Amino acid sequence: MECVVQGIIETLHVEALEILLVGLCGAPKQRIRVHELCLKSGPNLVSSEVRLLCDLAKTTPSWTIRHVGGAMRGAGADQLSVLVRPIAESKASSTALRFFYGIGYKLDHEVLKTGFAFQFQNRGANLTVSVTSTNRMPRLHATDDAVPITPGIHLVEITAPAAPENYTEVASAIASFCEYLSPLLHLSKPGISTGIVPTAASAAASLMSSGGGIKIL
């Protein structure tokens, strides 16, 4: 399973966010360029949805099959500031798309995600902070011609692997890290939109002039 929070930031403040993350994380930036295909089962199969991810940032593109389950529910989940959900991933070959077509899955939609990410530890949890622009393609699989779906806006996501016995500690580690980003953006459970933070412009200007934040790890 994993814990996750999301938020949005205006593209003109992404450079300031990157400066802050470099100072906070103490980890190298990783480039993101992922072609994501959402596949849904056909009428003769049990209803399901899988995502094929092709990592185009690598010299040789690699494929991953990803399935995301429903969010954890109940009083305990409601009290958490993060969303907890089951997730399964498996490496695949370049023939994965052909395989899913062959067993009856259909392409629902596809996007190209571009941006960067940082991976690091905070309070014993392995956090990944990704900052991405989601792009649509005018033609099937035309990644080179992709254009932003929401120009001027980037998605920020923090995820961390968790287990039934430690997800509350992982959630706490994510929540504590989110506090450092709060002048630039607000992060919450996916599906809960909080919009642009009013202090983002002044915080970004301060970061650009000072050159970064403090290292916490």
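Here the structure is a predicted model, which means the values were calculated and not measured. (Residues numbered from 1 in each chain as written. Predicted model: local features only at pLDDT ≥ 70, side-chain atom pairs only at ≥ 80, totals over all residues. Heavy atoms only, no water.)

Draft legend 1. Spatial organisation of the packing of helix H1 (residues 14-25) against helix H5 (residues 200-210). Their axes nearest at 9 Å, the elements H1 and H5 cross at an angle of 60°. The pairing of H1 with H5 is recorded here as oblique in orientation. Crossing angle aside, the handedness with which H1 passes H5 is left-handed. Contact residues: H1 offers Glu-15, Ala-16, Ile-19 and Leu-20, while H5 offers Ala-204, Leu-207 and Met-208. In terms of residue class, the contact of H1 with H5 is built from 6 nonpolar, no polar and 1 charged. (Axes fitted to C-alpha atoms, helices over the stretch in contact; angles between N-to-C directions. Helix = DSSP H or I, 4+ residues; strand = E, 2+ residues; numbered from the N terminus. Parallel < 35°, antiparallel > 145°, perpendicular 65-115°, else oblique. Left-handed = near helix turned anticlockwise from the far one by under 90°. Contact = heavy atoms within 4.5 Å. Nonpolar A, V, L, I, M, F, W, Y, C, P; charged D, E, K, R; others polar.)

Draft legend 2. Summary view of the nonpolar core. Counting residues in each nonpolar core, the largest one holds 40 residues, and the members touching the most others are Leu-17, Leu-21, Ile-158, Ile-174, Phe-177, Leu-181 and Leu-184. If you list the elements that add at least two residues to this core, you get strand E1 (2-10), H1, strand E7 (105-122), strand E8 (125-136), strand E10 (153-161), helix H4 (167-181) and H5. By residue number, the principal contributor to this core is H4, which donates 8 residues. Setting aside residues up to four positions removed in sequence, Leu-181 forms contacts with Leu-17, Leu-20, Leu-21, Leu-24, Ile-158 and Leu-187. Judged by nonpolar contacts, the second largest core, of 10 residues, contains Val-50, Cys-54, Trp-63 and Ala-96. (Core = buried A, V, L, I, M, F, W, Y, C linked by side-chain atoms within 4.5 Å. Buried < 20%, exposed > 50% of the residue type's maximum accessible area, 1.4 Å probe, protein only.)

Draft legend 3. Geometry of H1. The end-to-end C-alpha separation of H1 is 16 Å, in line with the 16 Å expected for 12 residues at 1.5 Å each. Every buried residue of H1 is accounted for by Val-14, Ala-16, Leu-17, Leu-20, Leu-21, Gly-23, Leu-24 and Cys-25. Summarising the contacts, the buried residues of H1 are in contact with E1, E7, E8, E10, H4 and H5. Once H1 ends, the next one or two residues include Gly-26, with phi positive near 65°. (Expected span 1.5 Å × (residues − 1).)

Taken by themselves, the reported measurements are silent on function.
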